[in-house]
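Residues per chain, in single letters:
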Amino acid sequence: MARKCIIAGNWKMNLDPDQGFELIEGIKAGFKPKANLEVVVIPPMPLVALAAHWVTDSTLSLGAQTSSSFRDGAHTGDTSPELLRILGCRYALSGHSERRGDHHESDAQVAAQAKAQVEAGLKTIVCCGESLQEREAGVHINKIKNQIGIIYDTLPPEYWGEVSIAYEPIWAIGTGKTASPVQAQEIHKMIRDHIESKAGAQVARSTAILYGGSVKGSNAKELLGQPDIDGALVGGASLKADDFSQIIQAYEVS
Ligand code: PEP
């Protein structure tokens, strides 16, 4: 069976309630559901509860940009994954490069977060990817393998089906530079092979591996057409309904 395609829009720390509502209305207006496609909107944390209402009469799914690695308790300022699920989230990101960079989240912390998310009933999209310096130094493959491997070492096997991966080369995030479809496919294949070595062929075959890094309407079709690219994690181009809809439509025609 074909793997699911996930197109997820990460709004980051952008948009106010009116703009968020308008964006979701715009996406819904142009959206024709397709059997194997899931579209996820990922607003900033304070908008999650509102967005849960905005998506209710649609097939759009809701996600969160991060969560605590604890279920609840004395963790001031953190967000419980359990609460996110109760509010209506189906997904949460873990280990976005901006969280790893701005908040020094280590591979082990990202894995703990992913574990808390799946234990709370969320699906986790684990982000990985290298900086330009790491790519140029030739250490990117090992870095990505470590970022992915620890997830399967940390999560019990019954949760492996709740994991998707987003390969996001840091040098392509918000820069307008995209990994070429060939470059992206090469890394996605390597990630799938690594998942196979950690979790077996069935898990590797069924895990969605998304690409992220300056995806837009004009490059989405070719990227999504690669055999191991199963969707897109979109930042900048997810903030306008027309731009995001073009990416969604690129899947429909590929
Ligand atoms: C992201 O931050 O996940 C991302 C891919 O951003 P952009 O699409 O703007 O490069």
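Residues numbered from 1 in each chain as written. Predicted model: local features only at pLDDT ≥ 70, side-chain atom pairs only at ≥ 80, totals over all residues. Heavy atoms only, no water.

**Things to note about the pattern of salt bridges**
According to the stated counting rule, one finds 20 salt bridges in the structure shown. With its nearest N and O atoms 3.2 Å apart, the salt bridge here joins Lys28 to Glu25. Of the two residues, Lys28 and Glu25 both sit in helix α1 (residues 17–30), three residues apart, roughly one turn of that helix. Lys28 sits in the buried class, given a relative accessible area of 18%. Residue Glu25 is classed as partly exposed on the basis of its relative accessible area, which comes to 33%. Salt-bridge contacts for Lys123 lead to Glu162; the nearest nitrogen and oxygen are separated by 3.0 Å. Within this pair, whereas Lys123 is found in strand β5 (residues 123–128), its partner Glu162 is found in the loop between α7 (140–154) and β6 (163–167), the two being separated by 39 residues in sequence. Sharing partners across several salt bridges, the network here consists of Arg3, Arg192, Asp228 and Asp230. (Salt bridge = Lys/Arg side-chain N within 4 Å of Asp/Glu carboxyl O. Helix = DSSP H or I, 4+ residues; strand = E, 2+ residues; numbered from the N terminus. Buried < 20%, exposed > 50% of the residue type's maximum accessible area, 1.4 Å probe, protein only.)

**A few points about the UniProt feature "binding site: substrate" (unreviewed entry) in the protein**
As annotated in UniProt, the feature "binding site: substrate" (unreviewed entry) corresponds to Asn10, Trp11, Lys12, Gly174, Ser214, Gly235 and Gly236 in the numbering used here. In summary, the annotated positions, though distributed over 227 residues, converge in three dimensions, the widest C-alpha pair being only 13.9 Å. Of the annotated set, the members that line the largest pocket are Asn10 and Lys12. Looking at where Asn10 falls in the secondary structure, it is placed in strand β1 (residues 5–10). Among the residues examined, Asn10 registers a relative accessible area of 4% and is labelled buried. With residues near it in sequence (within four places) discarded, Asn10 still touches Ile42, Gln65, Leu93, His96, Leu233, Val234, Gly235 and Ser238. (UniProt positions renumbered as here; feature names shortened; annotations may be inferred. 1 Å grid on protein atoms, 1.4 Å probe; cavity = no way out; pocket = protein on both sides within 12 Å on 5 of 7 lines; lining within 4 Å. Contact = heavy atoms within 4.5 Å.)

**Some remarks on the nonpolar core**
Formed by 65 residues in total, the largest nonpolar core has its most connected members in Ile7, Ile151, Tyr152, Ile165, Ile191, Ile195 and Tyr211. Those residues in contact with Ile195 that lie beyond four places of it in its chain are Ile148, Tyr152, Ile165, Gly200, Val203, Ala204, Thr207 and Ile209. (Core = buried A, V, L, I, M, F, W, Y, C linked by side-chain atoms within 4.5 Å.)

**Notes on the layout of surface pockets**
By volume, the largest pocket amounts to about 650 Å³. Along the walls of the largest pocket sit 24 residues, with Gln65, Thr66, Arg99, His103 and Glu105 positioned nearest its centre. Of all the secondary structure elements, the ones that give two or more residues to the lining of the largest pocket are α4 (97–102) and α5 (107–119). Lining the second largest pocket are 15 residues, and of these Gly161, Val163, Ser206, Thr207 and Ala208 sit closest to its centre. Broken down by secondary-structure element, the contributors of at least two residues to the lining of the second largest pocket are β6 and α9 (201–206). Among the elements that make up the lining of the second largest pocket, the one with the highest residue count is α9 (three residues). Counted by class, the lining of the second largest pocket contains six nonpolar, five polar and four charged residues. (Points joined across faces, edges and corners; volume = space filled by probe spheres on them. Nonpolar A, V, L, I, M, F, W, Y, C, P; charged D, E, K, R; others polar.)

**Let's talk about the packing of aromatic side chains**
In the structure shown here, the tally under the stated rule is three aromatic pairs. Aromatic side chains Tyr152 and Trp160 sit 5.8 Å apart centroid to centroid with 70 degrees between the ring planes, which places their arrangement in the edge-to-face category. Residues Tyr152 and Trp160 agree in their burial class; the two are buried. (Phe/Tyr/Trp six-rings, centres within 6.5 Å; stacked < 30°, edge-to-face > 60°.)

**Section: the site of the ligand**
The environment of the ligand is formed by 14 residues, the closest being Lys12, Glu168, Gly174, Ser214 and Gly235. Note that an oxygen atom of the ligand is positioned 2.7 Å from one of the backbone N or O atoms of Gly174. In the environment of the ligand, an oxygen atom lies 2.8 Å from a nitrogen or oxygen atom belonging to the backbone of Gly236. About the coverage of the ligand: the protein hides 96% of its 290 Å² of free accessible area. Here the residues of the shell around the ligand sort into four nonpolar, eight polar and two charged. (Near = heavy atom within 4 Å. Polar contact = N/O pair within 3.5 Å; in protein donor to acceptor, adjacent residues only side chain to side chain. Areas by Shrake-Rupley, 256 points an atom, 1.4 Å probe, with all protein chains shown as cover.)

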